[in-house]
Amino acid sequence: MTAIPARSWRQLRLAPPLLPLLPALVWLPVLLVLPAVFHGGGWDLIGQFARAAFSPSLDPQVLGSALSGLGVTVGIALLGWALSLALGLLGGVLSSRTVWRTATGSALPAEWMRRLLAVPRAVHELLWGLLLLQLLGLQPVVAVLAITIPYAALVARVVSDLLDALPTKGLEALRLAGAPAGPALLTALGPALQPGVLSYGGYRLECALRSATLLGVFGLGGLGTDLRLTLQSLQFHELWSGLWLLLLVMLALEALLRGLRRRWAMPARFGLTHRSVGRGGREVAFGLVLLLPVLVLVAMALGVNPLQLGQLQPLPPWSADWPAVAALPWPSLIGSTLGLTLLAAALAVGSAPLLLLLMAPWPWGRVLMQAIWALGRLWPPPLTALLLLFVLQPGVLTAALALAFHNLGVLGRLLLEAEESASVLAEEALGAAGTGPRLALLYGRFSALARSYLAYGAYRADVILRETVVVGLVGAAGLGSLLLEALSSFAIDQLIALVAVYVVLTLVGEDLSDRLRRRLLAA
């Protein structure tokens, strides 16, 4: 047997379609560790929960309460989304290097704006909600602002990146012709920016609905509060009544956004396909005109009053004990949070293509996957963690599984959309040559999607880092558990330190994920 030279080993490369499956290898150690954390005491409850899905409560009082909570959740999501989109567009323009170079000749103000907007973006909307709850008390405006603040910073980042990625030849020609900076920017970059903004804006509306549900789980109003109470009281039939209603709303929203994306020729949401500039400018303007009175009516119905922002709650006295804060077990807290992030990201990123590959050729496989992934997107991670605690011990693995299930729903849906819109020529050629359906799918369509999917997976890992606070706040693992204690005891010194650590970790994670995405897409 001839030995392979060391140089040949270094030259070996993993085939591109196998790259998305690589993170799924983390399931091997997880399956080995999983039996050790089982306690098995709640399998009967898990069975009752699953069976209740087929027999939700149809009691008029239960349905009325669920519909009322759903209306609050949708209203909070709509208001938070609209405000964040308006503020994010403004922030994106102000943090665009292209805009500042055109207006002043220097991109330095854009760099300062980007750094300023990084802080609100790094704090999860749940943390914003709990912090604002201490300042403003329990009122609908808290949940709306909790969505608006981080989402506006996220939209600003995306809009500025879209603006800076657009070609500037037309802009330079207009400026040389003597056009002022503002009209030149609007004329040269506005139409090209529209498809990306509309596509990302639709995606953020879906995220706002999920965030509003999550905020309700933690007592900030809406259907999420009902879901948590029914789960904790083991009223699974009532719980599924609310879940099915929420699922119908989410699927209707997804179908609407998919139809608008096709009608206006918007790009796919994580760059796997490219289309021409949208053609629905007049329809978009008409929709915005109709949206304004709807938002006013929703705000009135929810009781959202901007004047409430000036009515701050009196805060209890506090004193800082910084030596005690410094003595906290920071290495283990940070290590468990990072470990939770990496484990959840690997499980979610690797499981989506693995399930698609295994189940897609089966006639009912796609339908089953879509149902699982819809449930994953719908079901808030802290409720998944509570459900898993029926049969698993609390810890990093339980929290990671809860986060992975939710993010699997998001990643799976996007991968399925991209796979359906990808070219099937290579797959059909492989099938005609006698290759099995799974190998044809793997080496046919997956080849074109692999790097773009992993690039989006890197972005999703950054999102998961922010989401670790969600499962931590139910006592699962990481910095979030200590955050709950600091909030409940109003330990401002610990709270400041913990939020600062989360911000630093998130910003470092953002930078690393950006570098990885650029490397993957440039390869």
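All of these numbers come straight from a predicted model, not from anything done at the bench.

Quick notes on the rules
Residues numbered from 1 in each chain as written. Predicted model: local features only at pLDDT ≥ 70, side-chain atom pairs only at ≥ 80, totals over all residues. Heavy atoms only, no water. Phe/Tyr/Trp six-rings, centres within 6.5 Å; stacked < 30°, edge-to-face > 60°. Helix = DSSP H or I, 4+ residues; strand = E, 2+ residues; numbered from the N terminus. Buried < 20%, exposed > 50% of the residue type's maximum accessible area, 1.4 Å probe, protein only. Lys NZ or Arg CZ within 6 Å of the ring centre and 35° of its normal. Contact = heavy atoms within 4.5 Å. Salt bridge = Lys/Arg side-chain N within 4 Å of Asp/Glu carboxyl O. Axes fitted to C-alpha atoms, helices over the stretch in contact; angles between N-to-C directions. Parallel < 35°, antiparallel > 145°, perpendicular 65-115°, else oblique.

### Observations concerning the packing of aromatic side chains
Next up, step 1: In the structure shown here, the tally under the stated rule is seven aromatic pairs.
Next up, step 2: With centroids separated by 5.8 Å and ring planes inclined at 40 degrees, the aromatic side chains of F38 and W43 adopt a geometry described as tilted.
Next up, step 3: Each ring, one from Y456 and one from Y459, has its centre 5.4 Å from the other, and the planes form 50 degrees; the classification is tilted. Note that Y456 and Y459 are positioned in helix 21 (residues 445-472) at a spacing of three residues, about one turn of the helix. As far as burial versus exposure is concerned, Y456 and Y459 are alike and both buried.
Next up, step 4: Put simply, the rings of F49, F236, W240, W244 and W379 touch in pairs and so form one group of aromatic residues.
Next up, step 5: A cation sits over an aromatic face here: R115 above W112, 5.9 Å from the ring centre.
Next up, step 6: Above the plane of the ring of Y151 lies R204, whose end atom (NZ or CZ) is 4.3 Å from the centre.

### A word on helix 3 (residues 43-52)
Next up, step 1: Buried within helix 3 are the following residues: G47, F49 and A52.
Next up, step 2: Contacts from the buried residues of helix 3 go to helix 12 (236-263) and helix 17 (381-388).

### Looking at the pattern of salt bridges
Next up, step 1: Tallying each qualifying case throughout the model produces 10 salt bridges.
Next up, step 2: For the salt bridge of R114 with D164, the shortest nitrogen-to-oxygen distance reads 2.8 Å. On the criterion of sequence distance, the pair formed by R114 in helix 6 (residues 108-122) and D164 in helix 8 (residues 140-165) is long-range, its members being 50 residues apart.
Next up, step 3: Exposure remark for R114: the relative accessible area of 18% places this residue in the buried category.
Next up, step 4: A relative accessible area of 24% means that D164 is categorised as partly exposed.
Next up, step 5: D462 is the salt-bridge partner of R466, the closest N and O atoms lying 3.7 Å from each other.

### Some details on the packing of helix 10 (residues 181-217) against helix 12
Next up, step 1: For the pair helix 10 and helix 12, the least separation of the axes is 10 Å and the interaxial angle reads 175 degrees. With respect to helix 12, the element helix 10 is oriented roughly antiparallel. Between helix 10, through S199, G202, L205, E206, L209, R210 and T213, and helix 12, the contact on the second element is made entirely by L246, V249, M250, L253, E254, L257 and R261.

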